[in-house]
Amino acid sequence: MKGQSVMIELKNLSVKYKGSESNALTDINLTFHKGDFVCILGKSGSGKSTLIRCLNGLQQPTEGDVYWNGSSLSTMSEEEIRKVRRKTGMIFQHFNLIPRLSVLQNVLTGMFGYRSTIKNLLGMFTEQEKKQAKQVIFDVGLEDQLNRRVEKLSGGQKQRVGIARAILQQPEALLGDEPVSSLDPGTSNHIFTLLQEMHRRLQLLSIINVHDVTLAKRYATRIIALKAGEIIFDGKPSEFDDEKFFDTYDADDQKQREFSHV
Ligand SMILES: Nc1ncnc2c1ncn2[C@@H]1O[C@H](COP(=O)(O)OP(=O)(O)OP(=O)(O)O)[C@@H](O)[C@H]1O
Ligand SMILES: [Mg+2]
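Quick look at the structure, then. (Residues numbered from 1 in each chain as written. Chains lettered and ligands numbered in written order. Predicted model: local features only at pLDDT ≥ 70, side-chain atom pairs only at ≥ 80, totals over all residues. Heavy atoms only, no water.)

1. Remarks on the environment of Gly229
At step 1: Within the element layout of this structure, Gly229 appears in the loop between β9 (222–227) and β10 (230–235).
At step 2: Exposure remark for Gly229: the relative accessible area of 0% places this residue in the buried category.
At step 3: Between the alpha carbons of Gly229 and Lys48 there is a distance of 8.2 Å; along the sequence they are 181 residues apart. (Helix = DSSP H or I, 4+ residues; strand = E, 2+ residues; numbered from the N terminus. Buried < 20%, exposed > 50% of the residue type's maximum accessible area, 1.4 Å probe, protein only.)

Next comes the structure, spelled out in structure tokens:
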């Protein structure tokens, strides 16, 4: 299983939070390849965020392990884990930006992983670094907002700053935890177009949690559905049919009808 393109592998991974009666994830086995654009579906509480957080060591599994290019996270030193995190760009539902800083300054924070803390604190960025940051800001279409504080931007613009920041990290993998959940459908679609374009151009592995099945079917190359911490579907978007949808979301027609008559 150590094929060239295998980037991340999860083996027999389970997570049980302290004080919880049941597992958040149970015996997950997955292999992710460079070039995969994966959307993870599942209703609230199914384990999507827990899974994403396990991938770069933000969450420790209770059992099993995560392997990056064949090396297990549990045996890595802190420095090695930091390197893995540097290789993963994260984008979040609530953007995680610094509101009072400008678009350019926020995007430049994507370089923090590569720089010493003192230099970060002083905010000293070289001309070369600024040039790189401006290029990614241009790529996400925010060149006319360069010096605007991010608190003044719309949700869609903020998420584009989030994407630019992640891209400036020069990641190998892009992880997203519901990056479009607070955006309207048109803006969400635009953000996914941008993600797909970045994904293809930089030949990334992208793994994105999403609630919107239409978006997942439109953009993903692979869909994984979780239910109560277990994988109930892993396949092509075209195979994620109505039956799988009802199973994933417990959206059984009969139940829906009964509910609407209550
Ligand atoms: N820090 C925590 N401590 C205890 N239990 C937790 C913690 N985080 C999550 N859980 C539980 O683990 C399970 C999976 O949660 P998780 O956040 O991974 O689900 P999710 O699919 O991301 O849900 P959502 O769609 O609402 O974001 C849930 O039952 C949740 O209550
Ligand atoms: Mg979540």
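2. A look at the site of ligand 1
At step 1: Around ligand 1 lies a shell of 13 residues, among which Ser44, Gly45, Lys48, Ser49 and Thr50 are the nearest.
At step 2: Between an oxygen atom of ligand 1 and a side-chain N or O atom of Thr50, the distance comes to 2.5 Å.
At step 3: The class makeup of the residues in the shell around ligand 1 is 2 nonpolar, 8 polar and 3 charged. (Near = heavy atom within 4 Å. Polar contact = N/O pair within 3.5 Å; in protein donor to acceptor, adjacent residues only side chain to side chain. Nonpolar A, V, L, I, M, F, W, Y, C, P; charged D, E, K, R; others polar.)

3. A word on the packing of helix α5 (residues 127–139) against helix α6 (residues 155–168)
At step 1: Running from N to C, α5 and α6 point in directions that differ by 135 degrees, and their axes come no closer than 9 Å. One way to sum up the angle between α5 and α6 is to call them oblique. Between α5 and α6 lies a crossing of right-handed hand. Facing α5, whose interface residues are Gln132, Ala133 and Val136, α6 presents Ala164, Ile167 and Leu168.
At step 2: Looking at the contact of α5 with α6 residue by residue, the classes come out as 5 nonpolar, 1 polar and no charged. (Axes fitted to C-alpha atoms, helices over the stretch in contact; angles between N-to-C directions. Parallel < 35°, antiparallel > 145°, perpendicular 65-115°, else oblique. Left-handed = near helix turned anticlockwise from the far one by under 90°. Contact = heavy atoms within 4.5 Å.)

4. Focus: the nonpolar core
At step 1: By size, the foremost hydrophobic cluster in this structure holds 48 residues, and its most contacted members are Val107, Ile163 and Phe192.
At step 2: Secondary structure elements with two or more residues in this core: β3 (37–41), α3 (103–108), α5, α6, α7 (185–202), α8 (213–219) and β9.
At step 3: At 6 residues, α6 tops the list of elements feeding residues into this core.
At step 4: Apart from the residues within four sequence positions on either side, Ile163 is in contact with Ile91, Val140, Ile191, Leu194, Leu195 and Met198.
At step 5: Leu25, Phe32, Leu55 and Ile207 belong to the second-largest nonpolar core, a separate cluster that totals 29 residues. (Core = buried A, V, L, I, M, F, W, Y, C linked by side-chain atoms within 4.5 Å.)

5. Section: the sheet that holds strand β1 (residues 6–15)
At step 1: The 4 strands lie next to each other as β2-β1-β4-β5, forming an open sheet whose pairing is antiparallel. Across the chains shown, the open sheet's two edge strands, defined by having one partner strand only, are β2 (25–33) and β5 (71–72).
At step 2: Pairing of β1 with strand β4 (residues 63–68), which is carried by 5 bridges, proceeds in the antiparallel orientation. Residue pairing for β4: Leu10 is matched across the bridge by Val66.
At step 3: Together, β1, β2 and β4 form the strand contacts of helix α1 (residues 48–55), whose direction differs from that of β1 by roughly 125 degrees. (Pairing = 2+ DSSP bridges.)

6. A look at the sheet that holds β9
At step 1: Ordered by their spatial adjacency, 6 strands build an open sheet running β6-β7-β8-β3-β9-β10, and the pairing between neighbours is mixed. What marks the edges here is a single partner per strand, and that holds for β6 (88–92) and β10. Strand-to-strand twist of the sheet, defined as the mean angle between neighbouring strand axes without regard to direction, takes the value 15 degrees.
At step 2: Two strands pair when backbone bridges link them, and β9 and β10 are joined in this way by 5 bridges, in the antiparallel orientation. Looking at β10, one finds that Leu226 is bridged to Ile231.
At step 3: Set on the sheet, α1 makes contact with β3, β6, β7 (173–177), β8 (205–209) and β9; between it and β8 the angle comes to about 150 degrees.

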